[in-house]
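Here is how the chains run, residue by residue.
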Amino acid sequence: MESNQVNQHSLLSSEADSQRTLYPYVTGTSVVAIKYKDGILMASDMGGSYGSTLRYKSVERIKPVGKHSLLGASGEISDFQEILRYLDELILYDNMWDDGNSLGPKEVHNYLTRVMYNRRNKFNPLWNSLVLGGVKKGQKYLGMVSMIGVNFEDDHVATGFGNHLARPILRDEWHENLSFEDGVKLLEKCMRVLLYRDRSAVNKLQIAKITEEGVTISQPYSLKTFWGFSAFQNPTVGAEGSW
């Protein structure tokens with residue numbers, strides 16, 4: 001009797017060990033980032049959604065990495081925490097050489113592309129889209145990587161709904177000589193549109209900047225909004241086939 005229970009237990013545990021993350025549980029929505037005159041600006045809200053429920057409202061999704069980089073993430077929060085552990089080990093190992101060099105944003109971005117693609121090939125992906133920006137030796141760098149390792153560099157990037165709603169605004173209004181103040185206004189405009197249109201967004205955000213001097217991440221704050229637009233009153237008026 002006991003041996004049967006032991007065998008049953010071992011079979012159950014072996015099945016549990018081989019499970020994979022089939023879908024994310026607690027997720028964050030868009031991250032938007034741009035190059036500006038002196039460095040990189042990055043914005044994200046602080047919502048954490050449990051399914052379709054906006055469960056957590058103080059989740060920090062922008063973190064500094066080493067001396068020269070800034071990382072933002074949308075997607076599964078626990079997977080983001082795992083990525084941060086990987087990066088802590090990477091930076092610690094790099095510092096142990098004590099050779100006067102330090103990893104720049106391009107190196108960290110390349111590392112993240114390999115990590116994400118490797119996990120994808122194991123059919124056990126880290127369920128995140130990542131934005132990595134930084135400045136080293138006067139060179140600004142901004143790139144992103146998806147959960148399956150697709151990656152690119154650009155002057156402005158966005159994840160999640162931001163890819164559809166924020167990037168058209170950035171294509172129209174971004175230019176390479178943006179001041180810090182104008183860059184913040186542009187990001188706030190993008191985040192306001194996302195707040196109106198993305199059900200997972202919350203009106204509590206952080207904006208971070210990284211320059212040669214280092215990283216500054218703002219305290220959480222809210223945007224002024226206006227919900228009196230006529231299109232918001234009855235959004236399905238005139239829509240064929242709507243209820």
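Residues numbered from 1 in each chain as written. Predicted model: local features only at pLDDT ≥ 70, side-chain atom pairs only at ≥ 80, totals over all residues. Heavy atoms only, no water.

Visitor: Can you help me understand the packing of aromatic side chains in this one?
Guide: Pairs of aromatic rings are described using the distance from one ring centre to the other and the angle between the two planes. Going through the model one piece at a time under the given rule, you end up with nine aromatic pairs. The lysine or arginine in question, Lys 209, covers the ring of Phe 180, its NZ or CZ lying 4.8 Å from the ring centre. (Phe/Tyr/Trp six-rings, centres within 6.5 Å; stacked < 30°, edge-to-face > 60°. Lys NZ or Arg CZ within 6 Å of the ring centre and 35° of its normal.)

Visitor: Hey, could you run me through the packing of helix H2 (residues 77–96) against helix H3 (residues 105–121) in this one?
Guide: At a minimum axis separation of 12 Å, H2 and H3 run at an interaxial angle of 130°. Between H2 and H3, the angle falls in the class oblique. By crossing handedness, the relation of H2 to H3 is classed as right-handed. Of the residues in H3, those touching H2 at Ile 83, Tyr 86, Leu 87 and Leu 90 are Val 108, Tyr 111, Leu 112, Val 115, Met 116 and Arg 119. Of the residues belonging to the contact of H2 with H3, the class tally is nine nonpolar, no polar and one charged. (Axes fitted to C-alpha atoms, helices over the stretch in contact; angles between N-to-C directions. Helix = DSSP H or I, 4+ residues; strand = E, 2+ residues; numbered from the N terminus. Parallel < 35°, antiparallel > 145°, perpendicular 65-115°, else oblique. Left-handed = near helix turned anticlockwise from the far one by under 90°. Contact = heavy atoms within 4.5 Å. Nonpolar A, V, L, I, M, F, W, Y, C, P; charged D, E, K, R; others polar.)

Visitor: Whenever I open this one, the pairing of strand E2 (residues 31–36) confuses me. Can you help?
Guide: Note on strand geometry: in a regular strand, side chains alternate between the two faces of the sheet. Burial within E2 is extensive, with six of its six residues counted as buried. In E2, alternate side chains face the same way, and those of Val 31, Ala 33 and Lys 35 on one face and Val 32, Ile 34 and Tyr 36 on the other are all buried. Pairing of E2 with strand E3 (residues 39–45), which is carried by six bridges, proceeds in the antiparallel orientation. Paired with Lys 35 across the two strands is Ile 40, which belongs to E3. Between E2 and the antiparallel strand that follows it, E3, lie two residues. Bridging between E2 and strand E11 (residues 156–158) involves three bridges; their strand directions are antiparallel. In the sheet register, Ala 33 faces E11, and the bridge partner there is Val 157. (Buried < 20%, exposed > 50% of the residue type's maximum accessible area, 1.4 Å probe, protein only. Pairing = 2+ DSSP bridges.)

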